[in-house]
Amino acid sequence: MPKYMFIYRGGQEKLKFASPEQIQQVMQMWIDWIDDGVEAGWILDAGDGLKPGGAIVNMDLTVTKDELSTESGSLISGYSMIEVPDLIMAIELAKDSPMPNSGGTVEIRELTHNGKQYE
Amino acid sequence: MKQSTNQLVEHFFRHESANLIAVLTRAFGMRRIDLIEDMVQVAILEAMHAWKQRGVPENPAAWVHHVAKNRILDSIRREKTYEKAIALSGLSRSDQSITAQESMVDQWLEKEELPDSLLRMIFVCCHPSLERKTQIALTLKTLCGFGISEISRGLLLPSETVKKRIQRAKHSLATANVRLELPSDDQLTQRLDVVHDVLYLMFNEGYSTSHGTEPIRDEICEEAVRLCHLLCESPYSSPSTKALLALQLFHAARLDARTDENGAVILLEDQDREKWNRCLIGTAQSWLANSKTDQPTRFHFEAAIAMQHCISPNVEATDWNSIVNFYSRLIQLRDSPVYELNQAIAMGQAGDTGEAFSQLQNLRDSDDMKHYFLLDCAFARIHELEGNTKAAIDSYLTALSKTVVPHEKTLLEKKLRKLADSG
C-alpha cells in the first residue's frame, strides 16, 4: 500500500492568544485523531512536532536564523507517516485532522521506495 | 487501544497556568506579572506541540513547570545583565541571586507547598484597592486560568471591558509592587471578609438564574467552590469560610436539576429532586456542622436555609417555619429587601398567608422593590397558595409588564399557562 507523509504547516498564530482551556481542547483533538488513526491502522507513525526557530543555510552559504516561526505561517510544525490505498483517501483523512481547523495546512506527499511506489 | 490514561484531566492547563502564575509572581514580584503570564502561555503552547503526537508525559505538571520556570529565569537573567550594565555605569542596584530564587520556585511548586502561593494570590486578587467586579475578573484570570473571552462570556461583559479592567488592576498592583503576602493577624478578618464576598459573588455570577445556562457559568461555580475549599483547608479560614463553602455546595448539588434539556430554568418547586447530588449535599452538611460559631454570619443562615430545601423530599414537607426564622436572623444581620421578599414567601408556604401579604405590601410601599418583577411574582405565589388563581394570574401579568430578560419572560409565560390550565 502507498505510504504518505503528512507535513503540518502553520496554525501557530491562532493559538498565541488562546486561553489555556482552548489550547487543551486543540491538543485533545490531536490526541483523539491520532488515537483513532493508530487504532484503525492507517497511521504508521504519529511522527513528532518540530520546534519553532532553527536555521536555514542559503545557497550563498549565508545563514538565516532564529525567529522564523513568528513571521512565517508556513513553518513546518510537525509530521506523521500514513499508509492508505490512494491519495484521495489521504486527502479525506487530512481534512479530518485538527490542522485546517486551527488555521494551518497539511501537505501530503507520497513516499517512494527505491524510486517506486510502496507495494 | 485508546490512550485514555494518557489524556489530561479536565482543565489541566488552566489550573497549571494558575499555579505557575501564583508561584512565579510570588518569587519575582507583581511588577513582572505580564512577563510571567506570557512565559506561562509559551510553556503551555510548547507542551501542546510536544504532546499532541507523542502523548502526554508521565508527569505533565513537572514538564510545564520546568519549561515555564526556565523561560522566566532566562528572561530575568537578561534583565539582570542589563541591570549590571547600569550598575557599572555608576547607578547602584542590589543584585539578588537568581539561584536562590530558582530554588525557592522549585520548592514552592511542590504539591504540598502550592496552596500557600495560591492563597497569597487570592488575597492579592481581592485587594481592597480594587473594585468588586475587577476583583472577580482578576481572580478568574489569575487564579482560575480563564481566558478573556471566557470571562466576558461568564460575566456577561464585553471583552474589551474585561480586558481593560484586568489590565488596569494588574497595572495598579504592579505599580504599588504589592507583595504576595498573607495578611497579618490584625488584618486577617477584614481581608477575609473581602475574599468571602468575592467568592460569594463569583459563585452567584455563575449560578444566577437570570442569564440562562452556559457551560462556562457552571465552571465559574466550580472554581468558586475550589478556591473556597482551598481556603477552608488552610489555617486562614474562619467559621464563616466553612459556612460559605457549605452554602456553595448546597447550591452546587442542585445545579443539574435547575435546567431542562433546552437550557431553560426550572424553579425549585418543579425540580426533580432525584437529580440532586446527595453526595454534595452530605459534604455540605458536614462543612456546615464544622462551621459552628457563637457569631454566625449571613453565610451560616443562608446555608441553613439552603440545607432545609436540600433535605426535604418535596416543597410541602419543607420546614418553612425554620426558614422563616433563619430569614429573621438574616434581616437582623443585614437589612435587605430581597431577604424580606423571600421571608414573605416562606411565611406563605408555612401557612401564614396574611402575614406574608402584609410583608409584601410593606415592600411595595417602599421604593426598593416597587419596580421589581419578583415582587409581583411573590404576590402571585401567595395568591396561588391561597387558591386564588385569578389574582395569581393578574400578578404574573403585572410582573410580565415590567423589565424582564427573555428567559425570565419564558418562565413567567410557562407559569401563566400552567395556572390558566389548572383554573
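Conventions adopted
- Residues numbered from 1 in each chain as written.
- Chains lettered and ligands numbered in written order.
- Predicted model: local features only at pLDDT ≥ 70, side-chain atom pairs only at ≥ 80, totals over all residues.
- Heavy atoms only, no water.
- Helix = DSSP H or I, 4+ residues; strand = E, 2+ residues; numbered from the N terminus.
- Polar contact = N/O pair within 3.5 Å; in protein donor to acceptor, adjacent residues only side chain to side chain.
- Contact = heavy atoms within 4.5 Å.
- Salt bridge = Lys/Arg side-chain N within 4 Å of Asp/Glu carboxyl O.
- Buried < 20%, exposed > 50% of the residue type's maximum accessible area, 1.4 Å probe, protein only.
- Phe/Tyr/Trp six-rings, centres within 6.5 Å; stacked < 30°, edge-to-face > 60°.

An unreviewed UniProt entry lists chain B under the name RNA polymerase sigma factor, with Gimesia aquarii given as the organism.

Caption draft 1: Just the side chain of Glu150(B), in detail. Mapped onto the secondary structure, Glu150(B) falls in helix α7 (residues 148–155). Engagement of the side chain of Glu150(B) in a polar contact is seen with the backbone nitrogen of Gly147(B), the distance being 2.7 Å. Setting aside residues no more than four positions away along its own chain, Glu150(B) makes contact with Ser19(A), Glu21(A), Gln22(A) and Ile216(B).

Caption draft 2: Looking closely at the pattern of salt bridges. Applying the stated criterion across every chain, the model contains 33 salt bridges over all chains. Residue Asp270(B) is joined to Lys418(B) by a salt bridge in which the shortest nitrogen-to-oxygen separation is 3.3 Å. Taken together, the residues Asp270(B) in the loop between α11 (239–253) and α12 (278–290) and Lys418(B) in helix α19 (residues 406–422) connect sequence positions 148 residues apart. We classify Asp270(B) as partly exposed; its relative accessible area is 38%. A single network of salt bridges, built from pairs that share partners, joins Glu21(A), Arg14(B), Glu219(B), Glu223(B) and Arg226(B).

Caption draft 3: Local environment of the packing of aromatic side chains. Residue and element names in this part refer to chain B. This model, assessed by the stated rule, comprises 14 aromatic pairs over all chains. Pairing Tyr327 with Tyr339 gives two aromatic rings, centres 6.3 Å apart and planes at 50°, and the pair type is tilted. Here the residue Tyr327 occupies a position in helix α14 (residues 320–333), and Tyr339 occupies one in helix α15 (residues 337–349), the gap between them amounting to twelve residues. Relative accessible area serves as the criterion here: at 11%, Tyr327 is assigned to the buried category. Relative accessible area serves as the criterion here: at 9%, Tyr339 is assigned to the buried category.

Caption draft 4: Looking closely at the environment of Val198(B). Residues and elements named next belong to chain B. As for its position among the elements, Val198 is in helix α9 (residues 185–207). Sequence separation between Val198 and Ile122 is 76 residues, and the spatial gap between their C-alpha atoms is 9.8 Å. Apart from residues lying up to four places away in sequence, Val198 is in contact with Cys126, Arg132, Gln135, Ile136 and Thr139.

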